[in-house]
Amino acid sequence: MARHLITSALPYINGVKHLGNLVGSMLPADAYARFLRLSGEEVLFICATDEHGTPAELAAAAAGCEVEEFCTRNHEIQARLCEGFELSFDHFGRTSHLANHQLTQHFAEQLLANGFLESRVTKQVYSLADGRFLPDRYVEGTCPNCGYENARGDQCENCTKTLDPAELIHPRSAISGSTDLELRDSAHMFLLQSKLADRLRAWIDDKGSQWPTVATSIARKWLDEGLQDRGITRDLKWGIPVPFEGFESKVFYVWFDAPIGYLSATVEWAQLAPEGETRSFESWWRTDQGAEDVIYTQFMAKDNIPFHTLSFPATIMGSGEPWKLVDQLKGFNWLNYYGDKFSTSQHRGVFMGDALELLPADTWRWYLLSNAPETSDTSFRWELFADSVNKDLVGTLGNFANRCVAQIDRHFDGVAPSAGEPGDVERSLVKRVRGLIEEYDAHFNALEFRKSAATLRAIWAEGNVYLEEREPWRAIKTDPVMAAMTMRVALGMVRLCGHLSTPFIPAAAQRLVNSLDGAEVLSGVGSELADSILEIQAGTPFDMGGLLFARVTEEQVADWVLRFGGAES
RNA sequence: GGUGGCGUAGCUCAGUUGGUAAGAGCACUCGGCUCAUAAUCGAGGGGUCGUCAGUUCAAGUCUGACCGCCACCA
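Worth saying up front: this structure is predicted, and the values here are computed from it rather than measured.

**Some details on the pattern of salt bridges**
Here the structure, examined in full by the defined rule, presents 28 salt bridges. One salt bridge in this structure joins arginine 365 and aspartate 30, with 2.7 Å as the shortest N-O distance. Of this pair, arginine 365 sits in helix 11 (residues 361-370) while aspartate 30 is found in helix 1 (residues 19-38), placing the two residues 335 residues apart along the sequence. Residue classification places arginine 365 among the buried positions, given a relative accessible area of 0%. Residue classification places aspartate 30 among the buried residues on the basis of a relative accessible area of 0%. As a salt-bridge pair, glutamate 426 and arginine 470 come within 2.7 Å of each other at their nearest N and O atoms. Here glutamate 426, found in helix 13 (residues 424-445), pairs with arginine 470, found in helix 14 (residues 449-470); they are 44 residues apart in sequence, far enough to count as distant. Through salt bridges with shared partners, a single network forms among Asp30, Arg34 and Arg365.

In structure tokens, the structure reads:
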């Protein structure tokens, strides 16, 4: 049996993430982790907050607190939201953790020793008023190309020309507005990715054949254009110190230490081992120390693909050490909001905190995963969200469970009835479900979330189809034995639906499973599970404790469109 | 400007290497049922697959041009 290491792209620390961030990495990673656990596989699911860099510094300043304090506070906020969405991380760490300092510095030292780092002197903008160097994008001025007065030092938003801060006319600090700027020489370490390009290409040609098109096409595009060496240090205070002589005032670029956070968060996890349990970080990450059987799957949205397919692998390869490289890579396209981007600054779209205030996590998980932007960008629409909840969760799954509740309570004293033997209808049901479970399994193993969701929905629908076939509400009057057998089998479907739904809607799935007090809990995800439909013990108490999901009303949709902005914005 | 991607039923999207693939869900229509949160089950209508021109025995599926949209440019 293989062991599965799963990582989700790390959410940045500067604020609450929106639904696009959620569905682009953390949520599908969680569904996959849950599916594998359900299969009986050994899983380690790791995530963390990405905390370094200028945006964090500025957000902290805006919040009027020290950046460390800001990060601690926001890490807690994000951790709570992740719990709210039932993201089942084995550990949710922080890139500012000491473990990441040690590993990041270690990688840099290895890279330097192996000749993959080189110090180069660059011109950086220094703001005397701010008392600090300014990253390119925090220098503003007039664009030399089009005359736009608020061009950023990296690029003019008006004419889209790529700029160097030194080119700007009347440059000023975007932080303080000060024009008291000067160019200073500053030495920085460059990761010599160009020297690793051939190895990266060969690796991608090999491993990448199984990745989504969006991943390999982006990676190859960068390789085809010629992989540039990349500065991995910055003139900042907030970050991981660079352990080289002459670099005492500098830190690593956030994109260098962030993916190493996958490793360091695993170290954090190992350090948190409870009494009597031994956890080995190395056995998950070092192929010379037990990780040779690990299958490593990364989840990310497409903006992160270059770092996961090129920069981070370059870091690992350049270290000359046997660290685990990614095996399966799942990249997602964008989730838009009514056709345009989610935007934190314009407060456009729905954010994780908003979402949980409105409806339970399961409803969001279901909508997002069953409509995930796997092969192309997709659009969030409240109307579709409501349809998805009402049609699938309320109408198909919830309704099936509730139909069982009504019959069992009314006619069978709330317990699984004992009379009757299954017939051809039941054997046919089992056969259809067996085929559907096989499909479900195959789609999940292929990381096809929309397809696995559609298959799961088809399994739910089989519950309703079965009731229509046997019509127990009618049979109870003419053939009570048949009605009893039907409802016992229906409860078998309830148990199976609950079990199989765990990756998508864990809370509702748990309620379904728990509704049958004392029934044997299913395990695994194989098609033989279909037989369990016929194996509910007579006398098993059945109690859902109320409706599984609430309908989303038209009034709610209208209210939310108004509150969050709909098509017009 | 450069690069990448996209334009398939009213809506959101699937469509492996070109040949029963023109599909799914929702919406809509009709019918069944009435146990169930006006839920469910069945059937059906609907698209010259952005435009034009090519390659081919055969093209959403390849080539070129054009129109429109999006993203990225470290």
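On we go.
**A look at the packing of aromatic side chains**
Summed over all chains, the structure comprises 31 aromatic pairs. Ring geometry for tryptophan 382 against phenylalanine 564: centres 5.3 Å apart, planes inclined by 40°, an arrangement best described as tilted. Of this pair, tryptophan 382 sits in helix 12 (residues 382-412) while phenylalanine 564 is found in helix 18 (residues 554-564), placing the two residues 182 residues apart along the sequence. Judged on exposure class, the residue tryptophan 382 and its partner phenylalanine 564 are both buried. Three or more aromatic residues link up through ring pairs in this structure, and these residues are Tyr32, Phe35, Phe299, Phe332, Trp366, Tyr440, Phe444, Phe449, Trp460 and Phe504. Sitting over the face of the ring of tryptophan 284, arginine 3 holds its NZ or CZ atom 4.4 Å from the ring centroid. When the ring centre of tyrosine 126 is taken as origin, the NZ or CZ atom of arginine 184, which lies over that ring, is 3.5 Å away.

**Here we look at the nonpolar core**
Ranked by internal contacts, the top residues of the largest apolar core, which has 161 residues, are Leu19, Val350, Trp364, Phe380 and Trp382. Ranked by residues supplied to this core, first place goes to helix 12 with 13 residues. In this structure, this core is formed jointly by two domains, domain 1 (3-113 + 256-332) and domain 2 (381-534), each of which donates at least three residues. Ranked by size, the runner-up nonpolar core spans twelve residues in total, among them Ile13, Ala59, Ala60 and Val254.

**Some points on the environment of aspartate 206**
The residue aspartate 206 is located in helix 5 (residues 197-207) in this model. When the C-alpha atoms of aspartate 206 and serine 428 are compared, they prove to be 43 Å apart, with 222 residues separating the residues in sequence.

**Quick notes on the domain arrangement of chain A**
Under the domain assignment used here, chain A contains domain 1 (3-113 + 256-332) and domain 2 (381-534). Domain 1 and domain 2 are separated by 36 Å when their C-alpha centres are compared. Contacts between domain 1 and domain 2 engage 13 residues on the former and 15 residues on the latter. The interface formed by domain 1 and domain 2 holds zero salt bridges in total. When residues of the side of domain 1 that touches domain 2 are traced back to their parent elements, those giving at least two are helix 1, strand 13 (294-301) and strand 14 (328-332).

Cut-offs and rules
- Residues numbered from 1 in each chain as written.
- Chains lettered and ligands numbered in written order.
- Predicted model: local features only at pLDDT ≥ 70, side-chain atom pairs only at ≥ 80, totals over all residues.
- Heavy atoms only, no water.
- Salt bridge = Lys/Arg side-chain N within 4 Å of Asp/Glu carboxyl O.
- Helix = DSSP H or I, 4+ residues; strand = E, 2+ residues; numbered from the N terminus.
- Buried < 20%, exposed > 50% of the residue type's maximum accessible area, 1.4 Å probe, protein only.
- Phe/Tyr/Trp six-rings, centres within 6.5 Å; stacked < 30°, edge-to-face > 60°.
- Lys NZ or Arg CZ within 6 Å of the ring centre and 35° of its normal.
- Core = buried A, V, L, I, M, F, W, Y, C linked by side-chain atoms within 4.5 Å.
- Domains from an automatic or database assignment.
- Contact = heavy atoms within 4.5 Å.

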